[in-house]
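Chain by chain, the residues:
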Amino acid sequence: MTIPNISFGPFDLVAVAPYVALGLMLATVLLAVPVLTWFERVTLGLIHDRLGPNRVGPRGLLQPIADGIKLFFKEDILPSNVDRRIFYLAPAISMMPPLVAAALIPLGDFRVDMGGGQTRPLTLVAADINVGILWVLGLASLQVYGLILGGWSSNNKYSLLGALRSSAQAISYELALSLGVLMAVLMSHSMSLVQIVQSQTGGIMHWNILGLFPFGLVAAGVYAIAAVAETNRAPFDLPEAESELVAGYQTEYSSMKFAIFFMSEYAAVVIGSCVAVVLWLGGWDPIHPVLGFIPGPLWFAGKVLLLIFAFVWVRSTLPRFRYDQLMRFGWMRLLPVALVALMLAAAMSAYRTDPSAGSRIPPKPEKPKPLMGGTQSL
Amino acid sequence: MGAPTQAIRDLSGILPILVLWGVALVILLGAPLLRRGPGSRLAAPLGGAGALGALLVLLRGSSDGFGDTLFAGAALTDTLYSSGAFVLLLGGFLSVLVAQTYLRSRDLEKPEYYAIMLLSLSGALLMMQANDLIVLFLGLELMSFGLYVLAGFARTDAKSDEAALKYFLLGALASALMLYGIMLTYGVAASTELSNVQSAVARGALKEPMGIAAALLLVIGLCFKIAAVPFHQWSPDVYEGAPTSATAFLATTAKIGAIVAFLRVCDTIAGGYHTWLPAIRAIAILSMIVGNLIAIAQTNVKRMLAYSGVAHAGYLLVAVACMGFRLMGTKGTQASILAMTGAVFYLLAYALALIGAFGVLAYLSSRDKDAQTLNDLRGLASSQPAVGYAMVLFMLSLAGIPATAGFIGKWQVFYAVLTGGDVALAVTMALTSAMGVYYYLRVVWYIVFEESAAPKPSPTGHGVEARPRAMTGVGAAITICCIATIGLGILPAAISSFLTVVR
Amino acid sequence: MTAHLGTIAFVSLTALTILPAIMVVSTRNLVHAGFWMLPCLIGVAGFYALLEAHFFVVVQILIYIGAILVLIMFALMLTRDVMDPKERQTNAMGVWAGVICGLGLLASAHMLFRHPWVGVTSHPGDAHAQTVALGKALVTRYALPFEAASVLLLAALIAAIVIAKSMRPPAASVGCDGEVSGG
């Protein structure tokens, strides 16, 4: 889609685009809580065949604001014997990874009319890092620190158990998550989120979820399960399992500190859905090229919403795992499936690739260089 | 392209390692079946098959690829590797035989023991094949990890736990020092590949403070593994605490792997001998004197063999020191080659005698009695003559009495160092060897001339009832060690086709 | 100017790495020690960034911070009452060890400053080329060390299990191995 190069004072659209992308993503992540709590409760109501929020405002739309005001004015209790510094730090740390990851999500792809009949491509993304997907994985793995720190510093046995569970769960499912991501990398021949999306251009038949059929589907499934586990959402919400651990790692948290934990969970859900859309559902690519008149970011937002709905759907239908079931499922089902699928997919991809198509990879250097590239002057 | 053939050449170069890894994985995967029930009898044969299979693969491997580097310079195959690997794998096989009986009689047998053993052997092989300090370090660690665990395998025994912990902590320290040395080597040579290190040394890298530090740290790391003197403190406790079969294995494997790697490293940095040769000579002399002196005071045979191991590390370091003579004229070159061949033969003789000796101790052990002290050997020649005289033979070989393999090994190293013209080392070696005879002969005295302490073999003790065990692994190991020790002592040339190191 | 920026970055990264590292070894609370490793490891990632080794930055965060440190924390949280924060951390030899280590540090520093370092003027290439080169190296020149490292980890894993697995009395070990048969 070609758009005119609008200028904003001394800056043109090309210069502003990264900031626009960052602003959009940050706004999405930060506003996720009010919107998504409402969305989740309404959806749950729908699925459970009950009313859901309907008191505050039309269709309960103002409910999140009421909740926010309530949390904001609640007393901020600092229990005695908590590890004060870490106790304060934990919610902040849990909020950081999704905010940073927001900068990596590409939202759309345009051609900008530079005037004089020239156009140039413009991707709506704050930072296109060529190992971006690894950054996302790394940040996802940092998410768990908020839970661990919060749980441990609370000096409460339920919190500690929640922290223990969350760390074990994070380690167990990160492997499967990475393997799922690796399969997308295998199909798209890149680790850059932008290039991964661009490699899927051309409608649903080109999306990675249907690539290397059926392994794309398997990998997307593995990714989806592991992503739900990574965000500690039901049915993997063992760290806060309210029926066993009061509220798990957040038992001792109140007021805004609790709200930040709450926000970070929803932010993680948003980021997880965005990454899934990028990896498997073609990012901003329309479902069929015919529908290309709808702007890419709208497609992107629509797909993300669909996945968030799936998050809620899963939560409302599946019971929580027991801890040993969780471990056994992660290590003895999900991981072997992911590994075998990855190996088969790699074989299939190698079989399908004709030698001429392999030229994407630069020719082999004559002599391998030492890893660190020689001595470095201080 | 030629890439596939290169890959096949690379892989066939490390075939023994691959065999060890494969069998180890089979044992680990089959562990649930091998743990108890009828399958438990299969664990040791599998382990033995792994070591033997690697040995056969090694012997069958054609020698036309010798001197080649594999994996674009990460590893190599040469005669030093192949002869060292022969000794190592033979020792590994014999250790499996010892372990089979000993672990069973002490109720310690688990299939993982053999898997860890094979992985450890593969680490030692990797060390010998390393053409890159990174590979050398990884091999060293792979070998050591296995040894740490085997030392602590008797988990109900506090001494075994102590041995494992001590070995691990000091080993980790030594590894860290060695890694620091490798890092500094990279600093001076801008590469960790041995050929590049060699050319850096030729450019005078060992005259710089950083080069000197690098060389010394590497020497310290390897000296720890062979238990040379300032770095030997761990060895008596580890030898004593570890289960006897594990002691036999770790004593030989660590020494063979580390000495061969030591020979290679010192051969590489021979150009800068003025830096490291004094250090090695000092360590060698100290090891020979201190090891032999302290061994005299020991009444526990395992501790005595630990200190004797320190002394043997000293003798072997004499051979390592000869590497420094390589660039000192033709005599020096000749000495270095003689020393390499001699060291490998020495290692073979040492492994045979040591595994044999620990095998005898293992043979005498039962579920509730672990034979360790001189008293346990009292009167063995009359109560169980075959085992008793076998032990006598191993002691004579360790002492270096003529007509045993130990003598030939010691003579070769001695001859090499004399060729190199280092009289001080040669004299120390001769004198301390004479000193060592005392405590080896004391064991012989206990076996042959002392009366058995126990009135007559009781049903629980070692005696007539224990005889059928001779048919099991340890009996076979002792028999092989005996035959080989005498055979090599009389006909050393029989094995020279495997063991001669050519340049 | 850029040289100055580089120096500033280097110094601050050094502080970010070394000060938490000192806290790791000196703090009395074991779990705090674990937490202090977090900035320390991030500092190391920063060094990689300074060296323009982009791939390693991410891998450092992903592996060390995301996996290994979480695992360490998991283990440490189980030891809550094992370590007494009031326990003395030094023994009689502490002073001498400090003197020896201090001398070693001085000697190392002297050695490193005296060394005629060869400065590298060329940049290590863009991140894509680096990643490709690294991938190639791992399956050619470094295939053997790479595999050996995997086997090393496997050996360590098996070893740890063998050492740490709970010992059952022989009579109770008739069935299969615990929970596997229970499911």
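Residues numbered from 1 in each chain as written. Chains lettered and ligands numbered in written order. Predicted model: local features only at pLDDT ≥ 70, side-chain atom pairs only at ≥ 80, totals over all residues.

1. A look at the overall build of chain A
And step 1. Summing up its helical and strand segments, chain A has eleven helices and five strands in all.
And step 2. For 378 residues, the compact-globule estimate of 2.2 N^0.38 gives 21 Å, and the C-alpha radius of gyration of chain A, at 22 Å, lies within 12% of that figure.
And step 3. With respect to the principal axes defined by its C-alpha atoms, chain A has extents near 65 × 55 × 50 Å.
And step 4. Counting all 378 residues of chain A, 46% fall into the buried class.
And step 5. Intrachain contacts of chain A at a sequence separation of at least 6 include 77% that bridge at least 24 residues. (Helix = DSSP H or I, 4+ residues; strand = E, 2+ residues; numbered from the N terminus. Rg over C-alpha atoms; globule rule 2.2 N^0.38 Å. Buried ≥ 20, exposed ≤ 12 C-beta atoms within 10 Å, placed from the backbone. Contact = placed C-beta atoms within 7 Å.)

2. Considering the interface of chain B and chain C
And step 1. Facing 32 residues of chain B, the contacting portion of chain C comprises 21 residues.
And step 2. Looking at the side of chain B that touches chain C, the elements with two or more residues in it are α2 (15-29), α6 (111-129), α7 (133-151) and α10 (209-226) of chain B.
And step 3. If one sorts the elements of the side of chain B that touches chain C by residue count, α7(B) sits on top with nine residues.
And step 4. Class assignment for the residues of the side of chain B that touches chain C results in 21 nonpolar, six polar and five charged. (Nonpolar A, V, L, I, M, F, W, Y, C, P; charged D, E, K, R; others polar.)

3. Focus: unusual backbone geometry
And step 1. One non-glycine residue, B:Ala227, lies in positive phi territory at about 60°.
And step 2. Tracing the chain through its elements places B:Ala227 in the loop between α10 and α11 (234-241).
And step 3. On the neighbour-count criterion, B:Ala227 (28 C-beta atoms within 10 Å) is buried.
And step 4. We note that C:Glu52 has phi near 60°; this positive angle belongs to a residue other than glycine.
And step 5. Secondary-structure assignment places C:Glu52 in the loop between α2 (30-50) and α3 (54-77).

4. Looking at the nonpolar core
And step 1. Core analysis: the largest hydrophobic core is formed by 221 residues, its most contacted members being B:Val98, B:Leu150, B:Ala151, B:Leu316, B:Val318, B:Ala343 and B:Met391.
And step 2. The element best represented in this core is helix α15 (residues 329-364) of chain B, accounting for 25 residues.
And step 3. In contact with B:Leu150, other than residues within four places in its own chain, are B:Tyr113, B:Ile116, B:Met117, B:Ala242, B:Ala246, B:Phe249 and B:Leu250.
And step 4. In this structure, A:Ala101, A:Leu212, A:Val312 and C:Val44 belong to the second largest nonpolar core, which totals 129 residues. (Core = buried A, V, L, I, M, F, W, Y, C linked by C-beta atoms within 7 Å.)

5. Here's the deal with the domain arrangement of chain C
Residues and elements named next belong to chain C.
And step 1. Here chain C is described as being made up of domain 1 (1-81) and domain 2 (124-168).
And step 2. Computed over C-alpha atoms, the centres of domain 1 and domain 2 are 21 Å apart.
And step 3. At the interface, four residues of domain 1 touch five residues of domain 2.
And step 4. The residue inventory of the side of domain 1 that touches domain 2, partitioned by class, reads two nonpolar, one polar and one charged. (Domains from an automatic or database assignment.)

6. Some details on the confidence of the model for chain A
Fine structural detail should not be taken from predicted coordinates in areas where pLDDT scores are low.
Residues and elements named next belong to chain A.
And step 1. The share of residues in chain A with pLDDT of 70 or more is 92%, and the mean pLDDT across the chain is 80.
And step 2. Mean pLDDT values over the elements of chain A span from 71, in helix α8 (residues 242-245), up to 88, in helix α7 (residues 215-230).
And step 3. Every residue in residues 356-378 scores below 50 in pLDDT, and together they form 30 contacts with partners more than four places removed in sequence or on other chains. (pLDDT = per-residue confidence, 0-100.)

7. Re the pairing of strand β5 (residues 118-124) of chain A
Residues and elements named next belong to chain A.
And step 1. Bridge count between strand β4 (residues 108-115) and β5: seven bridges; the pairing is antiparallel. Across the sheet, Gly108 pairs through a bridge with Leu124, a residue of β5.
And step 2. Counting the residues between successive antiparallel strands, the hairpin from β4 to β5 contains two residues, one of them, Gly116, with a positive phi of roughly 70°. (Pairing = 2+ DSSP bridges.)

8. Structural notes on the sheet that holds strand β1 (residues 2-4) of chain A
Residues and elements named next belong to chain A.
And step 1. With mixed pairing, the three strands of this open sheet are ordered in space as β1-β4-β5. Unpaired on one side and paired on the other, β1 and β5 mark the two borders of the sheet. Adjacent strand axes in the sheet meet at a mean angle of 40° when their direction is disregarded.
And step 2. On top of the sheet, helix α1 (residues 13-48) reaches β4 and β5; it is set at about 15° to β5, its chief contact. (Axes fitted to C-alpha atoms, helices over the stretch in contact; angles between N-to-C directions.)

9. Section: the confidence of the model for chain C
Residue and element names in this part refer to chain C.
And step 1. Overall, the predicted model of chain C reaches an average pLDDT of 79, with 80% of residues at or above 70.
And step 2. The weakest mean pLDDT in chain C belongs to helix α7 (residues 179-182) at 36; the strongest belongs to helix α6 (residues 143-164) at 89.
And step 3. With pTM at 0.85, the complex prediction returns an ipTM value of 0.86.

10. Things to note about the environment of B:Ala51
Residue and element names in this part refer to chain B.
And step 1. Among the structural elements, Ala51 can be located in helix α4 (residues 43-60).
And step 2. Sequence separation between Ala51 and His274 is 223 residues; the distance between their C-alpha atoms is 40 Å.
And step 3. Each residue touching Ala51, except ones within four places of it in the same chain, is listed here: Leu89, Gly92, Phe93, Val96, Leu118 and Leu121.

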